[in-house]
Amino acid sequence: MSELSGEVVAEYRQNGFVRVPGILSPVEVERFREAATAYLAKHRSESLEKGGVFAQLVNVWQQDAIGRELTLHPGVARVAEQLAGVPVRVWHDQLLVKEPHNNAATEFHQDRPYWPHVNDRHSLSAWIALVDVPPERGCMTFLPGSHHQTTLQPQNLHDEDDLFQLAPALRWSPRVTVPLRAGDCTFHNSYTGHMALPNRTDLARLAHVTIYMDAATQYNGHPHPVTDPLSLKPGDPLDGDTFPQPH
């Protein structure tokens, strides 16, 4: 992928999200979709999400060679660094799947309050569609400008009102729904409020998400499924082979 224009970077900085079409070629999409489908079939029971809204399989890149290629995809990483404006590392990836005719929405929330990070401000997610994701298949809706809300506690993504109780002004913010074709990607700041619509179609919604953090991010000591097995101490850098720089 070529360098992003200044207008696209400015749009991301203003709104906290941006759509980048065609970040994967059709050949790549087919290859990564087939690998994701096979991985899901083997690992569905390992989903971290137990509420029935979606399947969430984390750190696919550590277990699947083709998934690793996507998580460390240099073109996606190059866009992430342009948007973040700083060197980045992979925090983790996740395969997010909404099964057919799953009528549950993923309610509005921010990502960053869940993470055990300090000394970061530029973390962001690349949400890559591996199938066409129109609104009826569960595409995302964003709250432009909500990334300036950086002091909120973690929100309940099963409660449609939780984020708005914590930040009442966001209830009246414009809401932008972003359909994606297979191979398109949205990048969103980790503080940007977002939700995903239900999947009411006959096809599973497959999305691969690579989450990037500032390369200098440190661990704050709070529990998290990614860091719990690592015996880290507060202040330790999140670096090395576990959190690679995707170059």
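Right above here is the structure, for reference.
Source: prediction; values computed, not measured.

Enquirer: Before we go on, may I ask you to explain the side chain of H117 in this structure?
Expert: Inspection of the secondary structure puts H117 in strand β5 (residues 117-118). Contact partners of H117, with chain neighbours within four places excluded, come to W91, R112, M213, T217, Q218, N220 and L238.

Enquirer: So what exactly am I meant to see when it comes to the sheet that holds strand β4 (residues 106-109) here?
Expert: By way of backbone hydrogen bonds, the strands of a sheet pair with one another, either parallel or antiparallel. Taking strand neighbours across the sheet as the criterion, the 4 strands line up as β4-β10-β7-β8 in an open arrangement whose pairing is antiparallel. Of all the strands in the sheet, the pair left with one neighbour each is β4 and β8 (176-178). The average undirected angle you get between the axes of adjacent strands in this sheet is 20°. Relative to strand β10 (residues 194-196), strand β7 (residues 140-142) is paired through 3 bridges, and the arrangement is antiparallel. Bridging from a neighbouring strand, F142 pairs with H194 of β10.

Enquirer: Help me understand the pattern of salt bridges in this model?
Expert: Close approach of charged atoms allows side chains of opposite charge to pair. One pass over the structure, following the stated rule, counts 6 salt bridges. Of the charged contacts, one joins E99 and R44 as a salt bridge, the two residues approaching to 2.9 Å between their closest N and O atoms. Highlighted residues: E99 in the loop between β3 (88-98) and β4 and R44 in the loop between α2 (26-43) and β2 (55-58), separated in sequence by 55 residues. Residue classification places E99 among the partly exposed positions, given a relative accessible area of 27%. Note that R171 and D161 form a salt bridge whose closest N and O atoms lie 2.7 Å from each other. Remark: D161 occurs in the loop between β7 and α5 (162-166) and R171 occurs in the loop between α5 and β8; sequence separation between them is 10 residues. According to the relative accessible area criterion, D161 is partly exposed, its value standing at 22%.

Enquirer: What is the right way to look at the environment of R68 in this model?
Expert: Within the element layout of this structure, R68 appears in helix α3 (residues 65-71). Overall, R68 belongs to the partly exposed group, its relative accessible area being 40%.

Enquirer: Is there a simple way to explain the nonpolar core in this structure?
Expert: Soluble, globular proteins show a tendency: their nonpolar side chains are buried together. Membership of the largest hydrophobic core comes to 61 residues, with the highest contact counts inside it found for L83, W127, F187 and Y212. With residues near it in sequence (within four places) discarded, W127 still touches L96, V133, M140, L180, D184, C185, T186, R205, A207, H208 and V209. Within the second largest apolar cluster, 9 residues are counted, among which are A105, L152, L170 and M195.

Enquirer: Help me understand the environment of A207 in this model?
Expert: Tracing the backbone shows A207 in strand β11 (residues 205-214). For A207, a relative accessible area of 0% gives the class buried. With near-sequence residues (within four places) excluded, A207 lies in contact with Q94, L95, L96, W127 and I128.

Enquirer: Honestly, the packing of aromatic side chains in this entry has me stumped. Any pointers?
Expert: The relation between two aromatic rings is expressed through the spacing of the ring centres and the mutual angle of the planes. Taken as a whole and assessed by the stated rule, the structure comprises 4 aromatic pairs. Centre to centre, the rings of W91 and F243 are 5.8 Å apart; their planes meet at 20°, and the pair counts as stacked. Taken together, the residues W91 in strand β3 and F243 in the segment after β12 (218-219) connect sequence positions 152 residues apart. Comparing W91 with F243 shows no difference in burial state: the two are buried. Seen from their ring centres, F108 and F164 are 5.5 Å apart, and the 65° between their planes marks the pair as edge-to-face.

Analysis parameters
Residues numbered from 1 in each chain as written. Predicted model: local features only at pLDDT ≥ 70, side-chain atom pairs only at ≥ 80, totals over all residues. Heavy atoms only, no water. Helix = DSSP H or I, 4+ residues; strand = E, 2+ residues; numbered from the N terminus. Contact = heavy atoms within 4.5 Å. Pairing = 2+ DSSP bridges. Axes fitted to C-alpha atoms, helices over the stretch in contact; angles between N-to-C directions. Salt bridge = Lys/Arg side-chain N within 4 Å of Asp/Glu carboxyl O. Buried < 20%, exposed > 50% of the residue type's maximum accessible area, 1.4 Å probe, protein only. Core = buried A, V, L, I, M, F, W, Y, C linked by side-chain atoms within 4.5 Å. Phe/Tyr/Trp six-rings, centres within 6.5 Å; stacked < 30°, edge-to-face > 60°.

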